[in-house]
Every structure is written in structure tokens, then in C-alpha cells.
Amino acid sequence: MLKGILLSLSASMLFGCLYYLAIFLKPLTGVSIFGIRMVVTIPFLFLALYLFKKQKEFLAFLQRLKREPHLLLIILITASIVGGQMWLFLWAPNSGKAIEVSMGYLLMPIMMVAFGKVVYKETLSLNKWLAIVVAFVGVISNILLTGKISLESLFVCTGYPIYFYLRRKFGLSHLHSFVVEILYLLPVALYFISQLDMQYVETQNPNIYYFIALLGLISGMALISYTLASTILPFYLLGLLGYVEPLLMLIVSFLIGERLESESYILMICLLISILFLVLDGIIALRHQHKKQKIASGLGDE
């Protein structure tokens, strides 16, 4: 259990470092960084398949795609969504939108809960209802005070629930489909890279190749750490630890010089309160699960 917790926290820390690393990749544009990230991520994905001994399962998944070609269209859609999210993640820190994207990641767990209620008719606890209501109040207050809604936040908090829904509905919630998604994005990534003038980039940033190497290393290590953690930890605990990443992203946003507008204070406070309600709900669920395991082990001993 401790190993899984450390791996999950390490993954969150690495993703936070990746968010901060973006500012050292100037003058690369957002699409250029995206293209490079896709290319340097591929080797680590295949390394993950090897480390987790998933080669046969991956080949079996490719055979499934041949039998069910409609899944290729579904994966094209999920690849587009996750590709957009991965582009936004490294574009935001250099575009003055780091806080907006961070707030989208804070809002995402609440949207996932609401999505579960609407789509899967899940029964919600009191804490989850409170999380949704408080977050809703925060979003409405922000729209009234600013007269707009952040498109970056909206894309993050709505894109991922749709992404996970499609993966779950079509039985694609595994590493194999993610590998195929990135392979789908590879031609686009290579096109963006082909448009780069690396000589100019080097003159502006002599250390650019070192930072690109770090991009690949950190991205790959974060992916493998999170995948390992997901195989060790129970779902509720993994979800609880998942709140660390958006909080680190928010801290990075302040570190790189962005400031929260006064009109967004209420939204930020509401989101943090909502997250606390979800954390409390997760802790209660963990305690219930632990009690059940103790009772079950006690009955087994008898």
C-alpha cells in the first residue's frame, strides 16, 4: 500500500514538474511542444508494456481492432480529446492560462461525479451532492462577476469525462488503447515537428535539447509511476491521491508569476471546498471498505 501511495504522489509531483518545465521550452510553440512530447512519449509507452508484461495483451487488442473496426473511429475520437488535453497542458504555462487550466483540473473531479449521476444514474452521497452544489455556486458567481467562462477550464473539465465515458463504454479502459491513441497522434506530431526551425530555436535557447530530454524523461517516468500505482492501490485511494496534481499545478501557476483575478476568488474558494467534500467522501468510503475487509477476514478465520 505504501509503495502505491509513494508512486501516485511521485506521478503527481512529476506532472507538476512537467507543468513548470514548459516555461523552459521557449521559444517552442504549444503545438511544437505537443509534437515533441508525443514522439518522446512513445518509447516509454512500449517500455511500460514490456515492464508490465502486456505485450501479448497488446497484440490481442490489435486483433480485436481488426475484428471490430468501428473501434478505430472511437479511438480516433478519444485520441483527439486526449491530444487536445496534452497540448493544452504544456501550452497554458507559456500563454498566461496556467491558472485557468489548473482550475479546470480542480473542477474535473466534481464534473466526473455529476457525469456519473446523469449518465450512469449513480447514487450520490451527501458529501458528493454538497461538492456539486458548492462548485456550481462558484462557477455561476464567476460567470456573473466576469461576464464569461474560461474556455480552457471548460475544455479540461468536460473533455476528460467524455473521454473516460467513451473508453469505459467500449471496453477501452487500459494501457493498450492509450498506446494506440498516441500512435494515432504521431503523424500530426511529426507534422508539427517538421515545421520547426531548430536553428532559430537553438539561438534563442541554447539548452533546448537538454530540456527536451527532460520532457521525455519526466513525462515517461510520470506515466509509468501512475500506471504502477493504479495496479497497486484501490480505486478510492487512487482517486483521493489524484487531487494532489491539480493543487501542484495551481502552485506552479503562482510560481511562474500568474495571479488570480479578484473576481475569481469565490470560484477558487468554492472549488477547494468542493474538493474537501470529495476527499472526505473518499476517506469515509475507505474506512467502510477497511471495516468490510476486517469483518471478511474475521469470518474467514472462523
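Scroll up for the structure.
Residues numbered from 1 in each chain as written. Predicted model: local features only at pLDDT ≥ 70, side-chain atom pairs only at ≥ 80, totals over all residues. Heavy atoms only, no water.

Of the pockets and cavities examined, the second largest pocket occupies roughly 610 Å³. In terms of lining, the second largest pocket is formed by 30 residues, of which the most central are Asn142, Ile149, Ser150, Ser153 and Leu267. Split into classes, the residues belonging to the lining of the second largest pocket amount to 18 nonpolar, five polar and seven charged. (1 Å grid on protein atoms, 1.4 Å probe; cavity = no way out; pocket = protein on both sides within 12 Å on 5 of 7 lines; lining within 4 Å. Points joined across faces, edges and corners; volume = space filled by probe spheres on them. Nonpolar A, V, L, I, M, F, W, Y, C, P; charged D, E, K, R; others polar.)

Turning our attention to the pattern of salt bridges. Following the criterion strictly, the structure yields four salt bridges and no others. Between Asp281 and Lys128 there is a salt bridge, with its nearest N and O atoms 3.9 Å apart. Here Asp281 is found in helix H13 (residues 265-301), whereas its partner Lys128 is found in helix H6 (residues 126-146), with 153 residues between them in sequence. Relative accessible area serves as the criterion here: at 11%, Asp281 is assigned to the buried category. (Salt bridge = Lys/Arg side-chain N within 4 Å of Asp/Glu carboxyl O. Helix = DSSP H or I, 4+ residues; strand = E, 2+ residues; numbered from the N terminus. Buried < 20%, exposed > 50% of the residue type's maximum accessible area, 1.4 Å probe, protein only.)

Moving on, we get to the side chain of Ser253. Note on placement: Ser253 falls in helix H12 (residues 244-255). A distance of 3.0 Å separates polar atoms of two side chains, one belonging to Ser253 and the other to Ser102. At 2.9 Å, the side chain of Ser253 and the backbone oxygen of Met249 are in polar contact. Setting aside chain neighbours within four positions, we find Ser253 in contact with Tyr19, Ala98, Ile99, Ser102 and Glu258. (Polar contact = N/O pair within 3.5 Å; in protein donor to acceptor, adjacent residues only side chain to side chain. Contact = heavy atoms within 4.5 Å.)

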